[in-house]
Amino acid sequence: MVVHDRIERQLLEHWPRLFGYAVTLTRDRDRAGDLLQQAALAALSATNPPQEPVMVRAWLFKVVRNTFIDGHRRTIVESKHAATSIEENEVWGFDDRVIAALSVRQGLDRLGPDHREIIELVDIQGFRYAEVSDILGLPLGTVMSRLSRARLALLDVIGGTVRSLDRARRRSRGDRLG
């Protein structure tokens, strides 16, 4: 029962980040909620969860990922439906940070699932390379090279949008470009 309570506490503590990761995987908030519920059930019913609290966080992300993969495979077998794209209701403002964040989000939506997932885990969720290696079941070098390619692909997709906004802001403040 003690292990069950520890897993439950960790689930509650990391629920927002797990949900964000689930949204990244499913690209749909409703499906992400369903995925997270299934993953929570799997985590709570696990027979051999990690004993160290530090390891539980990465393990929970791995449970979410594996639950997603299992569900995706099941969906392919059951039906040949294509994944639906998400429509995000973003509030547009005139703040450069909001525009840059939107550009990155839209760029992430245009990346392939492997690139999107690796950027989500390292750059958004803040996992170390070794933790991502464990979550994805990949060698450390593969994680680093995929992340590098994913970042380059994201920069290619968003083009000069973020850089040009940064330059415009510097000019408006009177800063000199280097």
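See the structure printed just above.
Just so you know, these numbers come straight off a predicted model, no measurement behind them.

Participant: Quick question: what am I supposed to make of the overall build of the protein chain here?
Facilitator: A tally of helices and strands in the protein chain yields eight helices and zero strands. In the protein chain, buried positions account for 35% of the 178 residues. For the protein chain, the computed accessible surface area is about 11400 Å², with 53% contributed by carbon and sulfur atoms.

Participant: For this particular structure, what's the right way to read the side chain of R57?
Facilitator: Within the secondary structure, R57 is located in helix α3 (residues 53-78). Although R57 is buried, it makes no salt bridge; E131 carries the closest opposite charge, 4.5 Å away. Reaching out from R57, the side chain makes a polar contact with the backbone oxygen of Q125 at a distance of 2.7 Å. Ignoring sequence-local partners within four residues, the contact set of R57 consists of H14, R17, Q125 and F127.

Participant: Help me out: how do you make sense of the packing of aromatic side chains in this one?
Facilitator: Here a ring pair, both rings aromatic, is described through the centre-centre distance and the interplanar angle of the planes. All chains considered together, the criterion is met by two aromatic pairs. Between F61 and F127, the aromatic rings sit 4.5 Å apart at their centres with planes inclined by 80°, giving edge-to-face as the arrangement. Residue F61 is located in helix α3, and its partner F127 is located in the loop between α5 (113-124) and α6 (129-136); the two are separated by 66 residues in the primary sequence. The pair formed by F61 and F127 is uniform in burial state, with each residue classed as buried. Of the aromatic side chains, those joined through ring pairs into one cluster are Y21, F61 and F127. Against the face of F127 rests R57, its NZ or CZ located 4.1 Å from the ring centre.

Participant: Is there a simple way to explain the nonpolar core in this structure?
Facilitator: Counting 38 residues, the largest nonpolar core has V64, I118, I119, L121 and V132 as the members making the most contacts within it. Elements with a contribution of two residues or more to this core: α1 (2-26), α2 (29-44), α3, α5, α6 and α7 (140-158). The contacts of V132, once residues within four sequence positions are left out, are I118, L121, V122, F127, G137 and V143.

Here is what the cut-offs are and how they apply
Residues numbered from 1 in each chain as written. Predicted model: local features only at pLDDT ≥ 70, side-chain atom pairs only at ≥ 80, totals over all residues. Heavy atoms only, no water. Helix = DSSP H or I, 4+ residues; strand = E, 2+ residues; numbered from the N terminus. Buried < 20%, exposed > 50% of the residue type's maximum accessible area, 1.4 Å probe, protein only. Areas by Shrake-Rupley, 256 points an atom, 1.4 Å probe, with all protein chains shown as cover. Lys, Arg positive; Asp, Glu negative; His and termini not counted. Salt bridge = Lys/Arg side-chain N within 4 Å of Asp/Glu carboxyl O. Polar contact = N/O pair within 3.5 Å; in protein donor to acceptor, adjacent residues only side chain to side chain. Contact = heavy atoms within 4.5 Å. Phe/Tyr/Trp six-rings, centres within 6.5 Å; stacked < 30°, edge-to-face > 60°. Lys NZ or Arg CZ within 6 Å of the ring centre and 35° of its normal. Core = buried A, V, L, I, M, F, W, Y, C linked by side-chain atoms within 4.5 Å.

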